[in-house]
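Coordinates in review
Listed here are the chains, written in short residue letters.
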Amino acid sequence: MKAKIFLKIKKAARKSSILVSANEKRKDFRDFIGDLLGIIFCKLARNIKLRQEWQPLVSVLLTSYNRPQMIRRAIQSVLGQTYSNFELIILDDNSNEETRTVIESYLQKDLRIRRYYSEVKDEDRWKEARYAALFNIGLAMARGELIAYLTDDDGYLLSKLEKMVKFFREHPAVKIAYNQQNYLPQNKTRRAYGVLKKPGHVVDAISAMHYKSCVEELGNWETGKGKEDADRYIVGADDMFFNKLARKYAFYPVREVLDTRINHKDTISAKMAEKGK
Ligand code: UDP
Ligand code: MG
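Residues numbered from 1 in each chain as written. Chains lettered and ligands numbered in written order. Predicted model: local features only at pLDDT ≥ 70, side-chain atom pairs only at ≥ 80, totals over all residues. Heavy atoms only, no water.

1. Observations regarding the overall build of the protein
For the protein, the helix and strand inventory stands at eight helices and nine strands. Taking 2.2 N^0.38 as the reference for a compact globule, 277 residues should give roughly 19 Å; the C-alpha atoms of the protein span a radius of gyration of 30 Å, well beyond that estimate. Principal-axis analysis of the C-alpha atoms places the extent of the protein at approximately 120 × 40 × 35 Å. Burial statistics for the protein: of 277 residues in total, 45% are counted as buried. (Helix = DSSP H or I, 4+ residues; strand = E, 2+ residues; numbered from the N terminus. Rg over C-alpha atoms; globule rule 2.2 N^0.38 Å. Buried < 20%, exposed > 50% of the residue type's maximum accessible area, 1.4 Å probe, protein only.)

What follows is the structure, given as structure tokens:
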């Protein structure tokens, strides 16, 4: 009899423990799901906040050759930007004293400027696209997550970097973007024609911005050095470079005028056109 009662108690105890553990298991599961949702939500909120606060370093690569007054204007168009997290890399192609003096004066004023002085010989200038060779040096020096290009006779509107960064911030999947351009003296607009897979001859060299990772993945500018048709690179290295990048990453439009190009007589394009006559 005693043994029977003992068995009954034991059975009841086991049953209640099963119930307790089943309840506990359900509670544990609810807690687990709650914790998991909490973690996911926090991560999402953190990512959204981080994205909103994303202020990447932009490396602006500026080529220079013997244009002391124009380079001053180009440098000022970068230093006056409303977006301040940039470095300006001035790539000077063995310019005259006057041009170098202007560059030096800015180096002392703003620590965001770095410079590279080439020692190219005059007889070698026409053997390759010098701006492309300099941009490649600039890319190797660049510490920025985003890259922008500028040439000494052109300039940025002061909101350019801010607006381009905003565009990249709002479109995390976009790797390359370009803006509209005003060109002088005609005072016309080079428009942004939608998403481009062939941006060559459409997007000007200074109007595109891309992640530095694009060149790490797809390669640098080609200069045409040692090639028989080096002239083709001298006028069109930017078109070839952009088309190469666009084979993988399309160029997305920012439909605002954010830079200015000046068409004057003393440019490579003008000289090549003259040569072709
Ligand atoms: N450039 C250079 N080395 C040279 C000649 C030109 O670095 O020997 C640079 C020049 O400073 C300019 C860029 O190449 O920033 C484009 O030249 P340019 O403005 O004459 O030609 P465009 O492309 O406007 O026709
Ligand atoms: Mg020019």
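There is more to say after this.
2. Details of the confidence of the model for the protein
Do not read the fine detail of predicted coordinates wherever pLDDT is low. Summary statistics for the protein give a mean pLDDT of 92 and a share of 92% for residues scoring 70 or more. Within the protein, strand β1 (residues 58-64) carries the highest mean pLDDT (99), whereas helix α1 (residues 2-52) carries the lowest (75). (pLDDT = per-residue confidence, 0-100.)

3. Considerations on helix α2 (residues 68-79)
The end-to-end C-alpha distance of α2, which contains twelve residues, comes to 17 Å, matching closely the 16 Å that a straight helix rising 1.5 Å per residue would cover. Those residues of α2 not exposed but buried are P68, I71, A74, I75, S77, V78 and L79. Elements in contact with the buried residues of α2: β1, β2 (86-92), α3 (97-109), β3 (113-117), β4 (146-151) and β5 (155-156). (Expected span 1.5 Å × (residues − 1). Contact = heavy atoms within 4.5 Å.)

4. Examining the nonpolar core
Ranked by internal contacts, the top residues of the largest apolar core, which has 66 residues, are V58, V60, L88, L161, W221 and F251. The element contributing the most residues to this core is helix α7 (residues 230-246), with seven residues. Sequence-distant contacts of V58, defined by excluding residues within four places in its chain, comprise Y83, N85, F86, E87, L146, A148, L161, V165 and M209. (Core = buried A, V, L, I, M, F, W, Y, C linked by side-chain atoms within 4.5 Å.)

5. A word on unusual backbone geometry
The peptide bond linking L184 to P185 adopts the cis configuration, its omega dihedral lying at 5°. Its location among the elements puts P185 in the loop between β6 (176-184) and β7 (188-190). Residues other than glycine seldom take positive phi values, yet N66 does so here, at roughly 55°. You can call N66 partly exposed: its relative accessible area is 31%.

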